[in-house]
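Residues per chain are reported as follows:
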Amino acid sequence: TITYNAERFLERTINSIVSQQATDYEYIVIDGGSNDGTLGIVRQYENSITQWISEPDKGLYDAMNKGLHRATGEYVWFMNAGDELHDDQTLSNLLDIITWQRQERGSADIYYSDALFVRDDGTPVGLRSQVTPHTLPHRLTWQDMNMGMKVCHQAFIARRSIAPDYPIDNLSADLDWEIRCLKKAKTIEFLPFVLCKYLIGGLSVQQHRQSLIDRFNVLVTHFGLLPTILNHGRIVWRALARKVMV
């Protein structure tokens, strides 16, 4: 969990994790040097946190790299301040599938699912695949990302051995990270249950124009300039059509 001056939302994130019935996980909190009540909340739940640090960083993705480097588990899963595991059975359901697959044919390199969008007060907006133009493929490949993120970052779990560092100067670094993970993955598994509640209105929304520029650059890197330009034409057309339908 990445935090910075997150006292308003952090406790809901921690509670969603410590309330899990499964216990086979480590929980790492990376704070960017908060000066509000964030660290008081962290200390309140310290016995349930494997490790935490609080120090200045170079932004969200620098902090995420710190968490990635400290992780020791087989898989990594980012659930940042304000986001939540969907319910108290989520981790148990995930681990049951991983354990069964490991015995039968070997566990997947990536697990993914849908995300429930929620507002600041926790009220649901709807599933990401239903309230946005991003459909959710049940057989995901990296090529499915040619028009942007198909899977919410908080609903994307990657084997740590294939997880690269995030570029820290790109607001769409999560898109780049998912594509790079998908390129390395040998097996990718869709989960038939919702993994998380995602608090809408993050950094990329707050800095929307720069986020769009960064997303374009990420897509050019992976798909080439001309295909990315053509796909952005499709994105604009889709947006206009959706607006007319609404």
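Criteria and cut-off values
Residues numbered from 1 in each chain as written. Predicted model: local features only at pLDDT ≥ 70, side-chain atom pairs only at ≥ 80, totals over all residues. Heavy atoms only, no water. Helix = DSSP H or I, 4+ residues; strand = E, 2+ residues; numbered from the N terminus. Rg over C-alpha atoms; globule rule 2.2 N^0.38 Å. Buried < 20%, exposed > 50% of the residue type's maximum accessible area, 1.4 Å probe, protein only. Areas by Shrake-Rupley, 256 points an atom, 1.4 Å probe, with all protein chains shown as cover. Lys, Arg positive; Asp, Glu negative; His and termini not counted. Charge placed at Lys NZ, Arg CZ, Asp CG, Glu CD. Contact = heavy atoms within 4.5 Å. Core = buried A, V, L, I, M, F, W, Y, C linked by side-chain atoms within 4.5 Å. Expected span 1.5 Å × (residues − 1). Salt bridge = Lys/Arg side-chain N within 4 Å of Asp/Glu carboxyl O. Pairing = 2+ DSSP bridges. Arc of directions from axis to C-beta. Axes fitted to C-alpha atoms, helices over the stretch in contact; angles between N-to-C directions. Parallel < 35°, antiparallel > 145°, perpendicular 65-115°, else oblique. Left-handed = near helix turned anticlockwise from the far one by under 90°. Nonpolar A, V, L, I, M, F, W, Y, C, P; charged D, E, K, R; others polar.

(A) View of the overall build of the chain. When helices and strands are counted, the chain shows nine helices and 11 strands. Scaling as 2.2 N^0.38, a compact globule of 246 residues should have a C-alpha radius of gyration of about 18 Å, and the chain matches this with 18 Å. Considering only C-alpha atoms, the chain reaches an extent of 50 × 50 × 35 Å along its principal axes. The proportion of buried residues among the 246 residues of the chain is 49%. Surface exposure of the chain reaches about 12400 Å², of which carbon and sulfur atoms provide 52%. Put simply, the chain has 25 plus and 29 minus side-chain charges, and the middle of one group is 9 Å from the middle of the other.

(B) Up close: the side chain of N65. Residue position: N65 is located in helix α3 (residues 60–70). Judged by its relative accessible area of 6%, N65 is buried. Ignoring any residue separated from it by four or fewer positions in sequence, one finds N65 in contact with D165, Y166 and I168.

(C) Highlighting the nonpolar core. One finds L94, I110, Y111, F156, W177 and C181 to be the most contacted residues of the largest nonpolar core, which totals 63 residues. Top contributing element to this core by residue count: helix α6 (residues 173–184), with six residues. Discounting chain neighbours no more than four positions away, the residues touching F156 are V76, W77, I110, Y111, Y112, V151, W177, E178, C181 and L182.

(D) Expanded view of helix α4 (residues 90–104). Taking 1.5 Å as the rise per residue, α4 with 15 residues should run 21 Å; its terminal C-alpha atoms sit 21 Å apart, in good agreement. Within α4, burial applies to T90, L91, S92, L94, L95, I98 and Q101. The secondary structure elements touched by the buried residues of α4 are β4 (75–76), β5 (84–85), β6 (110–112), β9 (156–159) and β10 (188–190).

(E) Representation of the pattern of salt bridges within the structure. Counted under the stated rule, the structure contains seven salt bridges. Close ionic contact of E74 with R102 constitutes a salt bridge, the shortest N to O distance being 2.6 Å. Of this pair, E74 sits in the loop between α3 and β4 while R102 sits in helix α4; the two residues are 28 residues apart in sequence, bridging distant segments of the chain. The partner of R180 in a salt bridge is D176, and the shortest N-O contact between them spans 2.8 Å. Remark: D176 and R180 occur in helix α6; sequence separation between them is four residues, near one turn of the helix. Owing to a relative accessible area of 34%, R180 belongs among the partly exposed residues under this scheme. For D176, a relative accessible area of 6% puts it in the buried group. When salt bridges that share partners are traced, they join E74, R102, D109 and R159 into one network.

(F) Broad picture of unusual backbone geometry. With a phi close to 45°, N5 is a non-glycine residue in the positive phi region. Along the chain, N5 turns up in the loop between β1 (2–3) and α1 (10–18).

(G) Quick peek at the pairing of β9. Going residue by residue along β9, you find F156 and A158 tucked away on one face and I157 and R159 tucked away on the opposite face as well. Judged from the two bridges that link them, β4 and β9 form a sheet pairing that is antiparallel. Pairing of V76 across the sheet is with A158, part of β9. As judged from the three bridges shared by β6 and β9, these two strands associate in the antiparallel manner. When the sheet's bridge partners are listed, Y111 is paired in β9 with I157.

(H) Representation of helix α8 (residues 208–223) in the model. Here α8 spans 22 Å end to end across 16 residues, near enough to the 22 Å set by a 1.5 Å rise per residue. Buried residues of α8: S211, D214, R215, V218, L219, H222 and F223, and no others. Buried residues along α8 cover an arc of 145° about the axis, so they all sit on one side. Exposed residues pointing more than 90 degrees away from the buried face of α8 are listed as R209 and T221. At the exit of α8 stands G224, carrying a positive phi of roughly 95°.

(I) Focus on the packing of α6 against α8. At a minimum axis separation of 10 Å, α6 and α8 run at an interaxial angle of 20°. Judged by the inter-axis angle, α6 sits roughly parallel to α8. Relative to α8, the crossing made by α6 is right-handed. Contacts between α6 and α8 involve L175, D176, I179, R180 and K183 from the former and R215, V218, L219, T221, H222 and F223 from the latter. Tallied by class, residues from the contact of α6 with α8 come to five nonpolar, two polar and four charged.

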